[in-house]
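If you want the building blocks of each chain, they are given just below.
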Amino acid sequence: MSDTIEKLKCLIIGSGPAGYTAAIYAARANMSPVLYQGIQPGGQLTTTNEVENFPGYPEGVTGPQMMMELQKQAERFETDVRDGWITKVDFSGDVHKVWVNDTKEIHCDTVIISTGASAKYLGIESEQKYLKLGGGVSACAVCDGFFYRNHEVVIVGAGDSACEEAHYLSKLCKKVTMLVRRDEFRASKIMAARVQNTENIEILFNTETEEVLGDGQVVTGVRVLNNKTKETQDIPATGFFVAIGHKPNTDIFKDFIDMDETGYIKNVPGRALTNVEGVFVCGDAADHVYRQAVTAAGTGCMAALDAERYLAAKDSSFEVSTSNYN
Ligand code: NDP
């Protein structure tokens with residue numbers, strides 16, 4: 001443990017669109033925010049090729065480019081962006097304590113949690129290879145489906161997300177093959193019925209992914225195994241979508257912050273407030289429904305404004321700025 005404890009007005013944990021937007025607002029409100037980037041600087045968007053649905057980019061923008069620009073914008077207002085991983089927190093007292101890389105201790109008046117969520121992947125080698133190459137593996141149909149217009153794609157998963165994404169893809173793609181590992185859906189009946197009643201979605205039950213096939217650069221198909229008959233088949237496809245759930249990156253907060261049973265942080269509806277005063281949440285760490293860059297950015301703004309008001313109420317010498325309301 002270090003013997004010098006740093007004191008901050010506002011600490012932002014996480015560097016996706018939620019965290020950087022919170023930083024822009026907090027910095028412009030004279031809160032001198034410090035933002036820790038975490039293990040995946042830029043967050044989930046850095047694994048997306050082209051972002052075409054974020055307002056203000058008429059020609060689209062790559063995920064990494066957009067995150068670099070958000071970082072620059074936050075730094076322009078003097079956000080202190082740092083490398084480092086918050087490994088422990090203690091929100092039991094008036095001062096919120098956090099530890100960076102298990103060593104550096106920071107005491108914060110306000111903490112904004114923007115740690116996001118991570119898409120789950122199957123973890124097989126060929127999937128990871130084409131994911132890293134940006135060659136046709138995606139965990140977000142809304143983000144990437146457009147690039148597969150009139151193509152054939154495969155999607156794995158059987159929950160509400162998979163059904164929603166398969167249905168979304170069916171409107172863009174020639175054919176969607178859905179791989180369901182058991183003989184039934186996990187999704188709600190209405191969502192399952194929707195995919196079952198869509199003509200260009202083929203559902204293969206009891207079917208698992210053996211290998212994502214490709215030419216070394218891009219995906220060309222998927223080899224699947226029927227776990228009942230043990231038969232394999234190759235399905236031609238240019239896109240392989242994985243929709244087997246997300247995991248919010250919230251484990252370190254669980255002793256202090258109220259969460260649902262899957263780890264999503266509970267916020268006061270319509271606000272960024274958590275159950276702990278002075279600790280705010282934004283982005284996918286609290287959102288399993290929309291999960292979009294633009295909604296994350298919106299809640300990042302809300303978190304900073306809520307933090308600013310909290311500071312103003314606590315300390316009469318800290319005034320709510322007018323710049324954020326212009
Ligand atoms: P879920 O955890 O509900 O479903 C995950 C699915 O992925 C399951 O069908 C599971 O199979 C399958 N799966 C997991 N691991 C593998 C694997 N290795 N290989 C193949 N399949 C695998 O996650 P969702 O993201 O779908 O939903 C999360 C929450 O969000 C749910 O509460 C859901 O209801 C909600 N949601 C609601 C929506 C809405 O109402 N519009 C839209 C999207 C989500 P198995 O069933 O065999 O375990």
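What counts and how
Residues numbered from 1 in each chain as written. Predicted model: local features only at pLDDT ≥ 70, side-chain atom pairs only at ≥ 80, totals over all residues. Heavy atoms only, no water. UniProt positions renumbered as here; feature names shortened; annotations may be inferred. Phe/Tyr/Trp six-rings, centres within 6.5 Å; stacked < 30°, edge-to-face > 60°. Helix = DSSP H or I, 4+ residues; strand = E, 2+ residues; numbered from the N terminus. Buried < 20%, exposed > 50% of the residue type's maximum accessible area, 1.4 Å probe, protein only. Lys NZ or Arg CZ within 6 Å of the ring centre and 35° of its normal. Disulfide = S-S within 2.5 Å. Pairing = 2+ DSSP bridges. Axes fitted to C-alpha atoms, helices over the stretch in contact; angles between N-to-C directions. Contact = heavy atoms within 4.5 Å. Near = heavy atom within 4 Å. Polar contact = N/O pair within 3.5 Å; in protein donor to acceptor, adjacent residues only side chain to side chain. Nonpolar A, V, L, I, M, F, W, Y, C, P; charged D, E, K, R; others polar. Salt bridge = Lys/Arg side-chain N within 4 Å of Asp/Glu carboxyl O.

- An unreviewed UniProt entry lists the protein under the name Thioredoxin reductase, with Algibacter miyuki given as the organism.
- Here the protein is described in UniProt, under the heading Sequence similarities (unreviewed entry), as follows: "Belongs to the class-II pyridine nucleotide-disulfide oxidoreductase family."

1. Some thoughts on the packing of aromatic side chains
Right, so step 1: Under the counting rule described, the total for this entry stands at 6 aromatic pairs.
Right, so step 2: Geometrically, the ring pair formed by Tyr-148 and Phe-241 is edge-to-face, given 5.4 Å between the ring centres and 80° between the ring planes. Separated by 93 residues along the polypeptide, Tyr-148 in the loop between α4 (141–144) and β11 (152–156) and Phe-241 in strand β17 (residues 239–242) bring together distant segments of the chain.
Right, so step 3: Residue class for Phe-241 comes out buried when judged on its relative accessible area of 0%.
Right, so step 4: A centroid spacing of 5.5 Å and a plane angle of 80° characterise the contact between Phe-185 and Phe-205, whose relative ring orientation is edge-to-face. Highlighted residues: Phe-185 in the loop between β12 (175–179) and α6 (189–196) and Phe-205 in the loop between β13 (201–204) and β14 (207–214), separated in sequence by 20 residues.
Right, so step 5: Aromatic ring contacts, followed pair by pair, group Phe-91, Phe-253 and Phe-256 into a single cluster.
Right, so step 6: Note that Lys-88 overlies the ring of Trp-99, its terminal NZ or CZ placed 4.3 Å from the centroid.

2. Some thoughts on the state of the cysteines
Right, so step 1: Throughout the structure, instances matching the rule amount to 1 disulfide.
Right, so step 2: There is a disulfide in this structure between Cys-140 and Cys-143, and the S-S distance comes to 2.1 Å. Torsion about the S-S bond of the Cys-140 and Cys-143 cystine: about 75°, corresponding to right-handed handedness.
Right, so step 3: On the basis of relative accessible area, Cys-140 is assigned to the buried category, the value being 16%.
Right, so step 4: As a non-bridged cysteine, Cys-282 has Cys-10 as the owner of its nearest cysteine sulfur, 9.8 Å distant.

3. Some thoughts on the sheet that holds β14
Right, so step 1: Pairing within the open sheet is antiparallel, and its 3 strands lie in the order β14-β15-β16. The sheet is open, and its two edges are formed by β14 and β16 (232–236), each paired on a single side. When strand polarity is set aside, the average angle formed by the axes of neighbouring strands in this sheet is 25°.
Right, so step 2: Sheet topology places β14 next to strand β15 (residues 219–226); 7 bridges connect them, and they run antiparallel. Within β15, the residue paired with Glu-208 across the bridge is Leu-225.
Right, so step 3: Packed on one face of the sheet, helix α3 (residues 125–133) meets β14 and β15 and runs near 45° to β14.

4. Remarks on the site of the ligand
Right, so step 1: As a matter of local geometry, the ligand sits amid 14 residues, with Asp-160, Ser-161, Arg-181, Arg-182 and Arg-186 nearest to it.
Right, so step 2: At 3.0 Å from a nitrogen atom of the ligand is found a side-chain nitrogen or oxygen belonging to Glu-164.
Right, so step 3: Arg-186 has a polar side-chain atom sitting 2.6 Å from an oxygen atom of the ligand.
Right, so step 4: Looking at the shell around the ligand element by element, the count peaks at 3 residues for helix α5 (residues 160–170).
Right, so step 5: A per-class count over the shell around the ligand returns 5 nonpolar, 4 polar and 5 charged.

5. Quick notes on the pattern of salt bridges
Right, so step 1: The final tally for this structure, using the stated rule, is 9 salt bridges.
Right, so step 2: Of the charged contacts, one joins Arg-82 and Glu-6 as a salt bridge, the two residues approaching to 2.8 Å between their closest N and O atoms. Remark: Glu-6 occurs in strand β1 (residues 6–13) and Arg-82 occurs in strand β5 (residues 80–82); sequence separation between them is 76 residues.
Right, so step 3: Between Arg-82 and Asp-80 there is a salt bridge, and its shortest N-O distance comes to 3.0 Å.
Right, so step 4: With a relative accessible area of 18%, Arg-82 lands in the buried category.
Right, so step 5: Salt bridges sharing common partners tie together Glu-6, Asp-80, Arg-82 and Lys-104.

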